[in-house]
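# Fold and geometry: a report
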Amino acid sequence: MDAIGDFLAAYSTTIAVIGVNALLALSVWVTLYAGQLTLGNAAFMAIGAYTSALLGRHLGTPFPLALAIGAVAAAVLAAPLGITVFRLRGVYLAIATLAFGEVVRVVLLATPITGRGQGLNGIPPKTELWHIYASLALVAYVLWRVQGSTVGRSWAAIREDELAAQSQGIAVRRYKLTAFVMGALVAGWAGGLSAHVTFSIDPNDFAFTKAVQILVFAVVGGVPSVLGPIFGAALLTSLPELLRPLKDARDIFQGLLLLGVILYLPRGLVTLAQLRRTRELHEIGATDVA
Amino acid sequence: MSLELAALTKRFGGVTAVNAVDLVVAPDQVFGLIGPNGAGKTTLINVIAGQLRPDGGTVRFDGRDITGVEAHERVRRGIARTFQGGRLFKGLSAFENVLVGRHTRMRSDVLASLVPFRTRTEDQERERADALLERVGLRQRAGMLAGELAYGDQRRLEIARALASEPRLLILDEPAAGLNPTESARLRELMRALVADGITIILIEHDVRLVMGTCERVAVLNFGRKIAEGSPAEIQADPAVREAYLGAEDAA
């Protein structure tokens, strides 16, 4: 037990960041599963982070309530945004959501109450590790179950062929919007948790790089299963720690790893398990029945 | 089921793909829609099923004007379709394709799904999907990805998926394209069985023999206009049709 205690003490920040990143990766997973490439989740994270931190500071709002309000604020903003941007598809959708992220960042930079460029400092460290991991377990469970429901099947259908999905009676725009708002809710919650881990936040924590990083967690881990984003976030967040012995070659190795995954496992690391199953079936000549 | 098109017009830029078409499809029959390539057949059914908005005219289904109704809502009202060349969800299993087809007839089970057991409705839906696959002869392949099925199987799966929405009007866009004679004969049997079950079918087809052997009534389109309508025998005897379509084919 002592060993575990020591380990947690030494790496508690990394472990917390892994959990938060896994939540963020799941937040973008929802839209990716519906086949929509959106890059607004860093901004939703920012809204959750600032809202909860400001509520706690100025109104003394209890921590769980502040987190919830932050998450709902992100979701409420996502609804009208989604109605507008889902007229677009593919790379245009990605650019539009990215532009939204920039707008949020610039607004945070210009507003006195958010501390402008200096951001907010001295946020009380109210987030415990178990808060993060309980949230992660809950979100992963809910999304896993939703994946197997009528809603999850509709998302998959939209991803496979939007026109055919509409012809099965699926209200395509509404389902896309649902995915987007759910993603924003999760990202907002994760943002609130993360603000109360890191002591200080500033607008550049939630910039373009963050949006792309979140996307990379989910894509490298793999979109077919909810375990993918969690796995991707865990691996890519801990990799800098694990690769420390490589010193200067660390970033190069990380880049090569990403490239390898994208080239050889385009559906993500979780498909490794599937590949093995397919190979076993090949060996017994049973691919036809699978 | 009743379908009435009145003065239906659809333009793409300077081209009038469908030009003031009037059409009444009576229930419980296979209604054939034929015409040379580019005659406007697919555009017409895209307007009927709601994928395209017409520039003029009305579509009435069961006596109600559905011209402005969205495509997904038309499925709920009983119009299902397949696509020329097929549009399956290739990354989903055959079974899942049919389940997606059940979408409008299933209650949303998001909340129920949070509880980790299977509900009775879910079991019923699964049985229904299995029965549909059985009907088109794909029960054994239920777990295969749709994209990995043989071509003929894919065509039949698309029909099963369309049937899953319990349509009263089923629109089939060239369902026999690429099928061998045996498969084509099975398709004809399936269509007759569906009509016997009270489903009306609009069949777009290039295989003239299939159309003539299956349809009670046939309409002919050419350059977006309806140039003839009648029984298969009448259509075959119609000089305008011979010139526009059958004649051109004879010459080739």
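Residues numbered from 1 in each chain as written. Chains lettered and ligands numbered in written order. Predicted model: local features only at pLDDT ≥ 70, side-chain atom pairs only at ≥ 80, totals over all residues.

Before going further, it helps to examine helix 3 (residues 94-101) of chain B. In an α-helix, one turn spans 3.6 residues, which is why side chains three or four residues apart end up on the same side. The element helix 3 of chain B is extensively covered by neighbouring structure, given that eight of its eight residues are classed as buried. For helix 3 of chain B, the set of buried residues is A94, F95, E96, N97, V98, L99, V100 and G101 of chain B. Residues of helix 3 of chain B that are buried in the fold lie against helix 6 (150-160) of chain A together with helix 5 (120-135) and helix 6 (151-163) of chain B. (Buried ≥ 20, exposed ≤ 12 C-beta atoms within 10 Å, placed from the backbone. Helix = DSSP H or I, 4+ residues; strand = E, 2+ residues; numbered from the N terminus. Contact = placed C-beta atoms within 7 Å.)

Here we take up the pairing of strand 1 (residues 3-12) of chain B. Residues and elements named next belong to chain B. Pairing analysis gives seven bridges linking strand 1 to strand 2 (residues 15-25), with the strands arranged antiparallel. By the bridge assignment for strand 2, R11 is matched with T16. The turn joining strand 1 and strand 2, which pair antiparallel and follow one another in sequence, is formed by two residues; a positive phi near 60° is taken by G13. When strand 1 meets strand 4 (residues 56-61), the two strands line up antiparallel, connected through five bridges. Bridging across to strand 4, T9 finds its partner in G56. (Pairing = 2+ DSSP bridges.)

So, about the environment of E70 of chain B. Residue and element names in this part refer to chain B. Residue position: E70 is located in the loop between strand 5 (64-65) and helix 2 (71-77). Of the residues examined, E70 has 15 C-beta atoms within 10 Å and is grouped as partly exposed. With 17 residues separating them along the chain, E70 and R53 place their C-alpha atoms 9.2 Å apart.

A word on helix 6 of chain B. Residues and elements named next belong to chain B. Compared with the 18 Å implied by 1.5 Å per residue over 13 residues, the 19 Å span of helix 6 between its first and last C-alpha is a close match. When you tally the buried positions in helix 6, you get 10 out of 13 residues, the bulk of the element. Within helix 6, burial applies to Q154, R155, R156, L157, E158, I159, A160, R161, A162 and L163. (Expected span 1.5 Å × (residues − 1).)

Counting residues at the interface gives 28 residues for chain B, matched by 22 residues for chain A. Secondary structure elements with two or more residues in the side of chain B that touches chain A: helix 2, helix 3 and helix 4 (110-113) of chain B. Here the side of chain B that touches chain A is built from residues that sort into 11 nonpolar, 10 polar and seven charged. (Nonpolar A, V, L, I, M, F, W, Y, C, P; charged D, E, K, R; others polar.)

Okay, the confidence of the model for chain B next. Of the residues in chain B, 97% have a pLDDT of 70 or more, and the chain-wide mean is 92. Interface predicted TM-score (ipTM) for the complex: 0.92; the corresponding pTM is 0.92. (pLDDT = per-residue confidence, 0-100.)

Frequently, the measure chosen for interface size is the accessible area removed from exposure when the parts meet. Residue and element names in this part refer to chain B. What the domain assignment lists for chain B is domain 1 (1-78 + 167-252) and domain 2 (89-161). Broken down by secondary-structure element, the contributors of at least two residues to the side of domain 1 that touches domain 2 are helix 2 and helix 7 (181-196). When the residues that make up the side of domain 1 that touches domain 2 are grouped by side-chain class, the tally is four nonpolar, one polar and two charged. (Domains from an automatic or database assignment.)

All names here are of chain B. As summarised here, the arrangement of the six strands in space is 6-7-8-3-9-10, forming an open sheet in which the pairing is mixed. Looking at strand neighbours, the two that pair on one side only are strand 6 (79-81) and strand 10 (225-230), the edges of this open sheet. Averaged over neighbouring strand pairs, the angle between their axes works out to 20° when direction is ignored. Sheet analysis places strand 7 (residues 169-173) next to strand 8 (residues 200-204), joined by five bridges and oriented parallel. Paired with L170 across the strands is I201, a residue of strand 8. Sitting on the sheet, helix 7 is in contact with strand 3 (30-34), strand 7 and strand 8, with an inclination near 150° to strand 8. (Axes fitted to C-alpha atoms, helices over the stretch in contact; angles between N-to-C directions.)

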